[in-house]
2 protein chains.
Amino acid sequence: MRQYPRALGRLINEFNKLPGIGEKLAQRVSFHILSLSDKEAENLANSILEAKQSIKYCSVCGNLTEKDPCDICTDDSRRQDVICVVESPKDVVAMERVKEFDGLYHVLHGAISPMQGVGPDDINLKSLIIRLQGSSVQELIIATNPTIEGEATAMYIAKLIKPSGIKVTRIANGIPIGGDLEYADEVTLLKALEGRREI
Amino acid sequence: MRQYPRALGRLINEFNKLPGIGEKLAQRVSFHILSLSDKEAENLANSILEAKQSIKYCSVCGNLTEKDPCDICTDDSRRQDVICVVESPKDVVAMERVKEFDGLYHVLHGAISPMQGVGPDDINLKSLIIRLQGSSVQELIIATNPTIEGEATAMYIAKLIKPSGIKVTRIANGIPIGGDLEYADEVTLLKALEGRREI
C-alpha cells in the first residue's frame with residue numbers, strides 16, 4: 001500500500017500525538033499546512049519553538065511567565081494580602097477573566113491524588129508555605145476544582161495553614177448561573193442548599 | 001484583564017487558525033507543547049518546516065510527492081493504460097488502501113463548481129488532456145465525489161474525453177457495505193436501484 005509522502009506522513013504523525021487530535025484531524029491540519037504560504041508555516045513552527053524557549057514558571061507563584069517573577073507577582077497595584085490558590089495556569093486566566101479578584105495567585109500544578117500517587121510533595125505546595133512565612137497575607141482563597149482531588153487538596157492546605165492564623169476560605173459550590181435545578185446532580189444541589197444565604 | 005504570556009498567547013492563536021481546532025483545543029494543545037521535552041517540541045516544529053519545504057506536486061499526475069515525477073507515475077509495474085481521476089491527494093490514499101487498483105492517477109485538486117466560481121481552468125484538468133494525447137491510456141475511471149460538484153466535473157470530463165475514443169467510466173453509487181436501507185436517502189437508493197446487477 002502506498003501512503004503519503006514521507007514528510008507528510010511525519011507531519012500527520014506529529015499532530016496525531018497531540019491531545020485531542022485524532023488521525024482524521026491530523027490529516028486535515030497537515031493538508032492545510034501544505035496549503036499555507038511559507039511565511040505562515042514558519043510562523044506556526046516558530047511559535048512552537050519560541051513558546052517552548054521563552055516560557056518558564058514564575059519562581060514565586062508558579063504561574064507561566066516570560067519574565068521571573070511574573071507580571072502579577074510584581075504588580076504593586078494588586079492586593080498583597082490575599083492569595084488565591086489554583087491547580088493550573090488555565091485557572092489563573094479564568095479567574096482574571098472575572099475582573100474581580102485583584103490579589104496574588106499560587107499555582108499548584110496539580111492536586112493531591114493518592115489514587116494516582118500524587119502526594120503533597122509532588123505539587124507546588126512547599127513554595128506556598130515558604131511564601132507565607134513572615135508575609136503580610138491575611139487570606140488564602142482555595143480555588144482548586146470541586147473534584148475529589150481538588151477537595152482533598154483544599155482540606156490538606158487548610159489544615160496545614162490554619163494554625164498560622166491566616167484565614168483560609170474555599171470558593172462556593174452550587175448551581176451554575178443559567179443552570180437548571182432539574183438537571184443538577186444531588187451533590188451539587190446539596191452544596192447549593194448548604195451554602196444558602198439570606199436575601 | 002491579564003492573559004497568557006505573550007509567547008503562549010501567540011502559540012494558542014497559531015493553533016486556533018488551523019481547521020477543526022477551536023480555542024479550547026488550541027489551549028489544550030499549547031499547554032501540552034509546553035510540557036514536551038525540547039527535543040519533542042523541535043520535532044513538531046521541524047516536521048512542519050520539512051513537509052512545507054520538501055512536498056511538491058507531481059508534474060505528471062498532480063499528486064503530492066517529494067520527488068518529481070512521483071513514485072506512482074514512475075512505477076513500471078503498474079498498469080499504464082488506465083488512469084483514475086480523483087479530486088484530492090487524500091482520495092489517492094483512499095484508493096490505494098483498497099489494494100485493487102494498480103493503474104495511474106490524476107489529481108484534480110478540486111471540482112468544477114460554478115456556484116463558487118471554480119471553472120474547468122481552475123482545476124488540474126488541462127494537464128490531463130495533454131497527458132492523454134498520444135498516450136496508451138484505454139480507460140479513464142472518474143472517481144470524483146458523488147456531490148453536485150463531483151458529478152458536474154465527471155460529466156464535463158466525460159464529454160471532453162469521449163470523442164477521443166478513450167473509455168470513460170464512473171465509480172458506482174449505492175448503499176455502503178454495513179449501511180441500512182431504512183436510513184439511506186432517496187437519491188442513494190435510486191442510484192443503488194439503477195446500478196443493480198444480476199446475481
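For the structure, check the block above.
What you are looking at is a predicted structure, and each value in this text was computed from that prediction instead of being measured. All chains use their own residue numbering, which begins from 1 and follows the written sequence. All chains are assigned letters beginning with A, and all ligands numbers beginning with 1, in the order in which they are written. Two thresholds apply to this predicted model, a pLDDT of at least 70 for residue-level local features and 80 or more for giving and counting side-chain atom pairs, whereas whole-chain, interface and lining totals are computed over all residues. Processing note: side-chain calculations cover all non-hydrogen atoms of the structure and skip hydrogens and water entirely.

Q: Now, about the layout of surface pockets: what can you tell me, with residues and values included?
A: All names here are of chain B. Each pocket or cavity is described by its volume, and for the largest pocket that value is around 440 Å³. In this analysis, the protein atoms alone were mapped onto a 1 Å grid. Cavities are point sets where a 1.4 Å probe fits without being able to get out; pockets are open sets with protein on both sides within 12 Å along at least five of seven lines; lining residues have an atom within 4 Å of a point. For the largest pocket, the lining is made up of 21 residues, of which Ile-171, Ala-172, Asn-173, Gly-174 and Lys-191 are closest to its centre. At the level of secondary structure, the elements contributing two or more residues to the lining of the largest pocket comprise α6 (148–161), β6 (167–170) and α7 (186–194). The classification used treats Ala, Val, Leu, Ile, Met, Phe, Trp, Tyr, Cys and Pro as nonpolar, Asp, Glu, Lys and Arg as charged, and all other residues, Gly among them, as polar. Residues of the lining of the largest pocket, tallied by class, amount to 11 nonpolar, 4 polar and 6 charged. Grid points are joined across faces, edges and corners, and a volume is the space filled by probe spheres set on the points. One number sums up the size of the second largest pocket: a volume of about 360 Å³. To qualify as a helix, a DSSP run of H or I must reach at least 4 residues; to qualify as a strand, a run of E must reach at least 2; elements of each kind are numbered from the N terminus.

Q: Lay out the sheet that holds strand β5 (residues 139–142) of chain B with the relevant residues and their values.
A: All names here are of chain B. If you trace the 4 strands from one edge of the open sheet to the other, you get β4-β3-β5-β6, paired in parallel fashion. Only two strands of the sheet have a single neighbouring strand rather than two, namely β4 (104–107) and β6. Strand-to-strand, the axes of this sheet are offset by a mean angle of 25 degrees, without reference to chain direction. DSSP-based pairing: two strands are paired if at least 2 bridges between them are found. Bridge count for strand β3 (residues 82–86) against β5 is 4 bridges, and the pairing is parallel. Paired with Val-85 across the bridge in β5 is Ile-142. Contacts between helix α4 (residues 89–98) and the sheet are confined to β3 and β4, with β4 contributing the most and set at about 155 degrees to the helix. Helix axes use the C-alpha atoms of the stretch in contact, all axes being lines fitted to C-alpha atoms, and the angles between their N-to-C directions lie in the range 0 to 180 degrees. Should any heavy atoms of two residues lie within 4.5 Å, those residues are considered in contact.

Q: How would you summarise the packing of helix α1 (residues 6–16) of chain A against helix α2 (residues 23–35) of chain A if you had to cite specific residues and measurements?
A: Residues and elements named next belong to chain A. For the pair α1 and α2, interaxial distance at closest approach is 8 Å and the crossing angle is 130 degrees. What the angle tells us is that α1 and α2 run oblique. Taken as a pair, α1 and α2 cross one another with a handedness that is right-handed. Counted together, Leu-8, Leu-11, Ile-12, Phe-15 and Asn-16 of α1 and Glu-23, Ala-26, Gln-27, Val-29, Ser-30, Phe-31, Ile-33 and Leu-34 of α2 form the full contact between these two elements. The residue makeup of the contact of α1 with α2, split by class, is 9 nonpolar, 3 polar and 1 charged. Note on angle classes: values under 35 degrees are labelled roughly parallel, values over 145 roughly antiparallel, values of 65 to 115 roughly perpendicular, and the remainder oblique. Take the far helix as your reference; a near helix turned counterclockwise from it by less than a right angle gives a left-handed crossing, and one turned clockwise gives a right-handed crossing.

Q: Residue-level account of the pairing of strand β5 (residues 139–142) of chain A, with values.
A: All names here are of chain A. Two strands pair when backbone bridges link them, and β5 and strand β6 (residues 167–170) are joined in this way by 4 bridges, in the parallel orientation. Paired with Ile-142 across the bridge in β6 is Arg-170. In this fold, β5 hands off to helix α6 (residues 148–161), which returns the chain to β6; that crossover is right-handed. We call a crossover right-handed when, viewed with both strands directed away from the observer, the connection leading from the first strand over the helix to the second proceeds clockwise.

Q: I'd love a proper account of the relation of the copies chain B and chain A, names of residues and values included.
A: The copies are overlaid by a least-squares fit using only the C-alpha atoms of residues whose pLDDT is at least 70 in both copies. Structural alignment of chain B on chain A gives an RMSD of 0.1 Å, achieved by rotating through 179 degrees and translating 0.0 Å along the axis. As the rotation angle and translation indicate, the two copies are arranged about a two-fold axis. Using C-alpha coordinates, one finds that chain B approaches the rotation axis most closely at B:Ala45, a distance of 2.2 Å.

Q: Lay out the pattern of salt bridges with the relevant residues and their values.
A: The term salt bridge refers to a pairing of a side-chain nitrogen on Lys or Arg with a carboxyl oxygen on Asp or Glu at a separation within 4 Å. Counting across every chain of the model gives 17 salt bridges over all chains. With a shortest N-O distance of 4.0 Å, B:Asp38 and A:Lys52 are connected by a salt bridge. With one member in each of two chains, B:Asp38 in helix α3 (residues 38–54) and A:Lys52 in helix α3 (residues 38–54) form a pair that bridges those chains. A relative accessible area of 15% means that A:Lys52 is categorised as buried. A salt bridge links B:Arg79 to B:Asp81, with the nearest nitrogen and oxygen atoms 3.2 Å apart. Ionic contacts of the salt-bridge type, sharing partners, join the residues A:Arg6, A:Arg10, B:Glu50 and B:Glu66 into one network. The buried label applies to any residue whose accessible area, calculated with a 1.4 Å probe on protein chains only, is under 20% of its type's maximum; exposed applies above 50%, and partly exposed to all values in between.

Q: Go over the interface of chain B and chain A, please, and point to the residues and values.
A: Contacts between the two partners involve 55 residues from chain B and, on the opposite side, 55 residues from chain A. Buried surface area refers to the total accessible area, computed with a probe of radius 1.4 Å, that the two partners give up upon joining, counted for both partners together. Carbon and sulfur atoms make up 67% of the surface buried where chain B meets chain A, a total of about 5,300 Å² over both sides. Counting across the chain B and chain A interface gives 7 salt bridges. Distance and chemistry together define a polar contact, namely a pair of N or O atoms within 3.5 Å, with one atom able to donate a hydrogen and the other to accept it when in protein, and with adjacent residues in sequence counting only for side-chain atoms on both sides. The interface formed by chain B and chain A includes 14 residue pairs in polar contact (both at pLDDT 80 or more). Only α1 (6–16), α2 (23–35), α3, β2 (64–65) and α4 of chain B provide two or more residues apiece to the side of chain B that touches chain A. It is α3(B) that provides the largest number of residues to the side of chain B that touches chain A, a total of 15 residues. Grouping the amino acids of the side of chain B that touches chain A by side-chain chemistry returns 27 nonpolar, 9 polar and 19 charged.

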